[in-house]
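Take a look at the letters that make up each chain.
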Amino acid sequence: MGIGIAMADLEIFKLMVLDEDASYSMVISTIAEQLMIDTSEKIVEIKYIVNEKSPQWRLGTIWGFVCSSGTIKLLDMPASPVIEEYQSEIITEGTQSVIEEGQVYQDKQTIATAMKHYSIMHKYQFRVKRSSHRSYWLICVGENCNWHFKETSINDFAMFKVRSFNRQHTCTLMDNTFIQRKRTAVVVGSMIIPKYCDPKTVYTPTDIQTDMLSQHGVNLSYMQAWRAKEKTLQFLRGHPADSYSKLPKYFYILEKMYPGSVVKLKKTADECFLYAFVALCTSIRGWEYCRPVVVVDGTFLKSTYRGIMLTTSTMDVAGTILPLAYAVVDSENDASWKWFFEQFKQAYGERTSMCVVSDRNESILKATSIVYPGVPHYSCMWHIWANIKAKFKKCHLQLNELWSRVHATVNRIWTMISNIAEPLNVVTKDARELPIFDLLEYMRTLLERWTNEKLLKAKGTFTFLGSKFNKELENNRTLSQKLRVGVSTDHIHTVIDGVKGYVVCLESKKCSCGQFQLDELPCTHDLAALRHKNETYENYCSTYYTKESLLRTYEISVNPLPDESKWNVPQHISDEVVNPPTEVKKQS
């Protein structure tokens, strides 16, 4: 807040800047310091007047006078009675359905927008006869029509009051005038804003045509509806090129809000966007309690500048998807995948018995062999089973899974192919049309929602194991009721299943059927031996399946980000330039 200081007996004027919430004592001390006044000997008498030309009429101009008295007084001049009269009735929204004489609007732009909405709803058109900083006068486009609208400012304030409004049309072309003139795409777009707040909502230009005709009797062409949609999207999301300039500030806030996260932004030599990588701390911490199986995949983006979104995910204790990291790159090539895995390794490191599962993308194979030379990589090998599928249509999937699990060098449990990445692609299908800033924020809010939901579900789990593995254990327990057990030693048992006998070693957690070793969960034979010994199964299950691991996976929540207007970002971050990609194939 600027304060002008004038002395009554001296020709002195100074301008000082104070906080808007500054106290009276702070104002006095600041004035006394600037003018070198001893407040113990002299009075500082302060008066203020409202600056009527300022749209922010609450901020006044303060005038200070130095007196010779020995006390300090503050003379509060009340706000203008005009302001107090209309303060509770000022209209701030431009979507008024009823416009009447005597209404007061916060500024001229608000009433102008309101009149455009009003004209669409009542199917007529007007033109501006006079417009200035003090008046706004509209008349009908028809000749010699009595319809008119007048409003003027209130004593030079920014607020405007409706003085006269004649709603009666005397022209014979009232219906035709609205049809003949072009609709304002901005006005139609502002009426359909709620339809596009959620990116999952599908609302096409054809839908706009249908709704405008049925609700307002306005017949739009397809191109008019399309332009209205584009105006709405631009209002909600801004220009796609501007989205890239927000990335430095956004990444800075992510690091501040989520300590331990890894976010990286890479640009070209000419300051153009190249890659972006995000791995939040909640996923980094949660991965410690999940089996080290990383599923990677890429999907194309449908925004203005295209690109590819790369994702990594794994399966949690409950058998659901845990997104680990996501990135936006130019395309799926050797350089982009190598950069992606380098950032992933910085965030997650390398764990024992870790493996990577993906489709048969050669760039992924090369990147993992360079960044993770000791980590096995498994890809979908459907071509191997082409002949088997042709001959054994009902069992080729089971054979493929069994063969893959038995011959894998690390235990992947049930993660045989990259299918868990596909549901993630489906969830982000509509978000792939968003600008890059909104896309990354959509992924963050998705992780925020999933983390909270899964934590609540984990707290509501009352079994020792997670839901997926507890169900598998219950199925095995039911089947084990029909088996007979013959004891060999304290830890080795022979279990008769039909006409076959299986050897179970509880000490080494092995069964001759092989299922105990692969699943790391007691099979039917192990449960029969445990029942025979009157022993519980808890000590024979992998720690990755327990409820405790599920709670620890989501113990760090993803808190909401503050509004962009509240971000406190250093100046050098705000000044960083990120231009949109240059080599982009234009959309039709």
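Before any of the text, the structure's been laid out above.
Quantities reported herein were computed from a predicted structural model and do not represent experimental measurements. (Residues numbered from 1 in each chain as written. Predicted model: local features only at pLDDT ≥ 70, side-chain atom pairs only at ≥ 80, totals over all residues. Heavy atoms only, no water.)

### Digging into the overall build of the chain
The helix and strand inventory of the chain stands at 21 helices and 21 strands. Every one of the 588 residues in the chain was classed for burial, and the buried ones make up 46%. Of the contacts made within the chain by residues no fewer than 6 positions apart, 60% connect residues no fewer than 24 positions apart. (Helix = DSSP H or I, 4+ residues; strand = E, 2+ residues; numbered from the N terminus. Buried < 20%, exposed > 50% of the residue type's maximum accessible area, 1.4 Å probe, protein only. Contact = heavy atoms within 4.5 Å.)

### Structural notes on the packing of helix H11 (residues 334-348) against helix H12 (residues 362-371)
With their axes 8 Å apart at the nearest point, H11 and H12 run at an angle of 40 degrees to one another. Looking at the two axes, H11 sits oblique to H12. When you trace H11 past H12, the crossing you get is right-handed. Contacts from Asp334, Trp337, Lys338, Phe341, Glu342 and Lys345 of H11 reach H12 at Ser363, Ile364, Lys366, Ala367, Thr368, Ile370 and Val371. Taken together, the residues of the contact of H11 with H12 sort by class into six nonpolar, two polar and five charged. (Axes fitted to C-alpha atoms, helices over the stretch in contact; angles between N-to-C directions. Parallel < 35°, antiparallel > 145°, perpendicular 65-115°, else oblique. Left-handed = near helix turned anticlockwise from the far one by under 90°. Nonpolar A, V, L, I, M, F, W, Y, C, P; charged D, E, K, R; others polar.)

### Concerning the sheet that holds strand E21 (residues 510-511)
Two strands in a sheet stick together by hydrogen bonds in their backbones, pointing the same way (parallel) or opposite ways (antiparallel). Spatial strand order, E18-E19-E20-E21: four strands in an open sheet with antiparallel pairing. Both edges of this open sheet fall to strand E18 (484-487) and E21, since each of them pairs with a single strand only. In terms of strand pairing, E18 meets strand E19 (residues 492-497) through four bridges, oriented antiparallel. Paired with Val487 across the two strands is His493, which belongs to E19. (Pairing = 2+ DSSP bridges.)

### Thoughts on the nonpolar core
Of all hydrophobic cores here, the largest spans 37 residues; its most connected members are Phe277, Trp337, Phe341, Phe344 and Tyr348. At the level of secondary structure, the elements contributing two or more residues to this core comprise strand E12 (273-279), strand E13 (293-300), strand E14 (308-315), strand E15 (321-329), H11, H12 and helix H16 (436-459). Considering every element that reaches this core, the biggest residue donor is H11, with seven residues. Setting aside chain neighbours within four positions, we find Trp337 in contact with Val296, Asp297, Gly298, Leu310, Glu332, Asn361, Ser363, Ile364 and Ala367. Judged by nonpolar contacts, the second largest core, of 35 residues, contains Ala241, Tyr326, Phe437 and Met443. (Core = buried A, V, L, I, M, F, W, Y, C linked by side-chain atoms within 4.5 Å.)

### Let's talk about the sheet that holds strand E9 (residues 148-153)
Strand order in the open sheet formed by six strands is E5-E6-E10-E9-E8-E7, and the pairing between neighbours is mixed. Of all the strands in the sheet, the pair left with one neighbour each is strand E5 (90-91) and strand E7 (126-131). Pairing of E5 with strand E6 (residues 104-105), which is carried by two bridges, proceeds in the parallel orientation. In the strand pairing of E6, Ile91 is matched with Tyr105.

### What to know about H12
Within H12, the full set of buried residues consists of Ser363, Ile364, Ala367, Thr368 and Val371. Projected down its long axis, H12 carries its buried residues within an arc of 125 degrees, all on one side. Where H12 begins, the capping side chain belongs to Asn361, and its oxygen is found 2.8 Å from the backbone nitrogen of Ser363. (Arc of directions from axis to C-beta. Polar contact = N/O pair within 3.5 Å; in protein donor to acceptor, adjacent residues only side chain to side chain.)

### Points about a nonpolar patch on the surface
On the surface, Tyr222, Met223 and Trp226 cluster together into a nonpolar patch covering about 310 Å² of accessible area. Along the chain, the position of Met223 falls in helix H7 (residues 222-237). (Patch = residues over 30% accessible without salt bridge, like charges linked within 9 Å, V, L, I, M, F, W, Y side chains within 5 Å. Areas by Shrake-Rupley, 256 points an atom, 1.4 Å probe, with all protein chains shown as cover. Salt bridge = Lys/Arg side-chain N within 4 Å of Asp/Glu carboxyl O.)

### Examining the environment of Thr524
If you trace the backbone, Thr524 turns up in helix H19 (residues 524-532). Spatially, the C-alpha atoms of Thr524 and Ser480 are 4.7 Å apart, while their sequence positions differ by 44 residues. Other than its neighbours up to four places away in sequence, Thr524 contacts Asn476, Leu479, Ser480 and Leu483.

### What to know about the packing of aromatic side chains
With the rule as written, the count across this model stands at 19 aromatic pairs. A centroid spacing of 5.2 Å and a plane angle of 55 degrees characterise the contact between Tyr244 and Phe273, whose relative ring orientation is tilted. In this pair, Tyr244 sits in helix H8 (residues 240-245) while Phe273 sits in strand E12, placing the two residues 29 residues apart along the sequence. Using a relative accessible area of 5% as the deciding quantity, one classes Tyr244 as buried. Ring geometry for Tyr250 against Trp567: centres 6.3 Å apart, planes inclined by 35 degrees, an arrangement best described as tilted. Here Tyr250, found in helix H9 (residues 247-257), pairs with Trp567, found in the loop between helix H20 (547-553) and helix H21 (571-574); they are 317 residues apart in sequence, far enough to count as distant. (Phe/Tyr/Trp six-rings, centres within 6.5 Å; stacked < 30°, edge-to-face > 60°.)

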